[in-house]
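What the coordinates show
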Amino acid sequence: MSGFIVRCAGILLTLTVLGLVFELVTPLPLTAVSSGGGLVEVLWGAADFVAEIAAQVGWLVLPVVVLWLKIRGLSASAVYVAAVTVGMFVLAGGGTVLMSLLTDESSRGGSVFSGGSIQLAVSLGVLLLVFLPALPARGRMWAVVGTVPPVILFEIMRLLAGAVSFGAQLGGSLIGIAWLGATSWAFRRWQQHAGPRTPWWYGLPVQDRTTLVPASVGDQPLPGGRSSALKLAGIWVLIASGVTGAGFLVTGIESIRHLDQAAVQWLAEHRDETWNALAAVAGSLGNTPGIVGVLLVAAPLAVAITRRSAPAVFLLVAAVGETALYLISGTIVRRPRPDVDHLSEGLPPTSSFPSGHVAAAVVTYGGLALLLRAWAQSRLRHLGLILAPLIVLGIALSRLYWGVHYPTDTAVGLIFAAVWVSVCWRYFKPARGSPKSATHQTNPVAEPTRLEDRVVIDNDHNDEK
């Protein structure tokens, strides 16, 4: 392993020096293109939102991959991803730092390299290289080809929106690809004993490909198949209708509106610095980056630990369904925000009813508490059932304290999210295979490779030949 680390350090130093030279001799970056409006402006709004969330939580992706690999016992691959991740952050921030230290940044317009392009190229490249061996031989090239168009489209949208220059994008992408390719070569040199050399689209060499397979062959995340999916969709429509009807009810009754306004006004009149800080801490657990970050960590690790797809699919479907319920009902009801000073910065132009933050917290933290209760074998399995309600309560109170929701908004958000996550739990049955539901299995987390898994891997190996 020491040889691999030394090679990575040398590669990183070389790319850093080349980047410094390029920074010093390259003329001003090309001016970013401005779209001027129209459809591109609308598309950029969506791309900008995704980019903003990615900038806040995207750094979690590769550390989660490292944990995944460690859980599955692939220490060498985990070391590779960790080394690439460290180098990626050094290269992504290096251009700006070097520019500020060695040149007049104001006269050069900043770094000619896009740190976002470096991170995008390296992150997607690592995911492909590490997990390609888990795919059938015929599907690997399609996975690579299918990844490229969305990346190019996203970079084009950034360019047209004037967020970055073409030169910065090109430089960042080339640096990221160079770092990825060089470290892949170093890893293959380190792992020469793993087998004969294979093309790069076969992924990194791995001794046991079955450990990369997310779930056992034949695992169905939704036991009832199409019938359960239709029932789940029908229940979703009923919940959406109920939430919309409740919205018209609470906004149409004068006494409810009066009580709502009085409660929010009282909280606004009793603000102080201490409560402001507490509300900010509690609210950070329920904002969009916070929820996305929790799901980004929890869903992959749930698959890595349980070797089942149902826990992760349960979390993701519950979160997506809740978001759709909130957006659709809010768009129909269109309740204005409370008429008080709002402490929340960057408040989106969405309806006050219902509270999407509270609903997302119920689905995310409540769903995690249920999974922990089902799969954990220690006394910690009860911890989630204690913490989840406290987190949801803190988020609900913070939304009221900030003056961005009425009490009825948070109450309805809590109720419909609790109903929806309960429905998802019933249909996805994510506790299948847990110690409680599979008493015949002494250790379901560390289950041996199934016969059908070995057959699939053997057939895949024959295809490669």
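Before reading on, note that the structure itself is shown above.
Now for a quick tour of the structure. Every chain is numbered independently, its residues counted from 1 as its sequence is written. Given that this is a predicted model, residues contribute local features only at a pLDDT of at least 70 and side-chain atom pairs are listed and counted only at 80 or more, while totals for whole chains, interfaces and linings are drawn from all residues. Hydrogens and water molecules were not included; the side-chain quantities draw on all heavy atoms of the structure.

**Let's talk about the nonpolar core**
Definition used in this section: a nonpolar core is a set of buried Ala, Val, Leu, Ile, Met, Phe, Trp, Tyr and Cys residues joined via side-chain atoms within 4.5 Å. Summary of the burial criterion: residues with accessible area below 20% of their type's maximum are buried, those above 50% are exposed, and those between are partly exposed, where the area comes from a 1.4 Å probe applied to protein chains only. Counting residues in hydrophobic clusters, the biggest one holds 42 residues, and the most contacted among them are F314, L325, V363, F416 and W420. Secondary structure follows DSSP: runs of H or I at least 4 residues long count as helices, runs of E at least 2 residues long count as strands, and numbering of each begins at the N terminus. Sorting the residues of this core by element identifies α9 (225–252), α12 (288–306), α13 (310–333), α14 (356–375), α15 (383–401) and α16 (407–428) as the ones contributing at least two each. For this core, the element with the highest residue contribution is α14, accounting for 11 residues. Note on contacts: a residue pair is in contact if any heavy atoms of the two residues lie within 4.5 Å. Those residues within four positions of V363 in sequence are excluded, and the remaining contacts are A318, A319, E322, A417, W420 and V421.

**Thoughts on the packing of helix α11 (residues 273–284) against α15**
An axis is simply a line fitted to the C-alpha atoms; with a helix, the fit covers only the stretch in contact. Between two such axes, the angle follows the N-to-C directions and lies from 0 to 180 degrees. Close contact between α11 and α15 brings their axes to 8 Å; oriented N to C, the two are set at 125 degrees. When the interaxial angle is binned, α11 and α15 end up oblique. Crossing angle aside, the handedness with which α11 passes α15 is left-handed. Note on element contacts: α15 touches α11 through G394, I395, S398 and Y401, opposite W275, N276, A279, A282 and G283. Roughly parallel means an angle under 35 degrees; roughly antiparallel, over 145; roughly perpendicular, 65 to 115; everything else is oblique. Should the near helix be turned counterclockwise from the far one by less than a right angle, the crossing is left-handed, whereas a clockwise turn marks it as right-handed.

**Brief notes about unusual backbone geometry**
A negative phi angle characterises most non-glycine residues, just as the trans form characterises most peptide bonds. Along the chain, F353 connects to P354 via a cis peptide bond; the corresponding omega equals -15 degrees. Of note, P354 is situated in the loop between α13 and α14. Of note, the phi angle at R334 is positive, near 55 degrees, even though the residue is not glycine. Position of R334 among the secondary structure elements: in the loop between α13 and α14. Looking at R334, the relative accessible area reads 63%, which means it is exposed. We note that K429 has phi near 50 degrees; this positive angle belongs to a residue other than glycine.

**A few points about the pattern of salt bridges**
Any Lys or Arg side-chain nitrogen located within 4 Å of an Asp or Glu carboxyl oxygen qualifies as a salt bridge. Tallied over the entire structure, the rule returns 3 salt bridges. Ionic pairing is found between R335 and D260, a salt bridge with its closest N-O pair at 2.9 Å. Placement of R335 in the loop between α13 and α14 and of D260 in helix α10 (residues 254–269) is noted, with a sequence separation of 75 residues between them. Note on R335: relative accessible area 6%, which makes it buried. Judged by relative accessible area, which is 3%, D260 ranks as buried. Across the salt bridge formed by D409 and R335, the nearest N and O atoms sit 2.8 Å from each other. Of the two residues, D409 sits in helix α16 while R335 sits in the loop between α13 and α14, which places them 74 residues apart along the sequence. Across this residue pair, the class does not change: D409 and R335 are buried. Through salt bridges with shared partners, a single ionic network connects D260, R335 and D409.

**Quick word on the packing of α9 against α13**
Contact pair α9 / α13: the axes reach a minimum separation of 9 Å and the direction vectors enclose 35 degrees. In this structure, α9 crosses over α13, and the sense of that crossing is right-handed. From α9, L232, W236, I239, A240, V243, T244, G247, F248 and T251 reach across to α13, where they touch V317, G321, A324, L325, I328, S329, I332 and V333. Here the contact of α9 with α13 is composed, by residue class, of 12 nonpolar, 5 polar and no charged. Gly is placed with the polar residues, together with every amino acid not listed as nonpolar (Ala, Val, Leu, Ile, Met, Phe, Trp, Tyr, Cys and Pro) or charged (Asp, Glu, Lys and Arg).

**Notes on helix α7 (residues 137–160)**
Each residue after the first adds 1.5 Å to the expected span of a helix. Taking 1.5 Å of rise per residue, the 24 residues of α7 would be expected to cover 34 Å, and the 37 Å separating its terminal C-alpha atoms lies within 8% of that figure. Buried within α7 we find A137, R140, V144, E155, M157, R158 and L159.

**As for empty space enclosed by the protein**
Think of a 1 Å grid over just the protein atoms. A cavity is a set of points where a 1.4 Å probe fits yet cannot get out, a pocket is an open set with protein on both sides within 12 Å along at least five of seven lines, and lining residues have an atom within 4 Å of a point. Grid points are joined across faces, edges and corners, and a volume is the space filled by probe spheres set on the points. Under the criterion given, the structure shown has 1 cavity of 30 Å³ or more. Taken as a whole, the largest cavity holds about 40 Å³ of empty space. Looking at the lining of the largest cavity, its residues break down into 7 nonpolar, 1 polar and no charged.

**Considerations on the environment of V79**
On the secondary structure map, V79 appears in helix α4 (residues 75–102). As for V79 and V66, which are separated by 13 residues in sequence, their C-alpha atoms are 7.6 Å apart.

**Re the packing of aromatic side chains**
Both the distance between ring centres and the angle between the ring planes are used here to describe each pair of aromatic rings. Pairing of aromatic rings covers Phe, Tyr and the six-membered ring of Trp, with a centre-to-centre limit of 6.5 Å; geometry is then stacked below 30 degrees between planes, edge-to-face above 60, and tilted otherwise. Under the defined criterion, the tally for this structure stands at 4 aromatic pairs. A centroid spacing of 5.8 Å and a plane angle of 80 degrees characterise the contact between W68 and F131, whose relative ring orientation is edge-to-face. Of this pair, W68 sits in helix α3 (residues 61–71) while F131 sits in helix α6 (residues 115–131), placing them 63 residues apart in sequence. By relative accessible area, W68 is classed as buried at 7%. Look at F131 and you get partly exposed, because its relative accessible area is 22%. When the ring of F314 is compared with that of W425, the centres are 5.3 Å apart and the planes differ by 80 degrees; the resulting orientation is edge-to-face. Of this pair, F314 sits in helix α13 while W425 sits in helix α16; the two residues are 111 residues apart in sequence, bridging distant segments of the chain.

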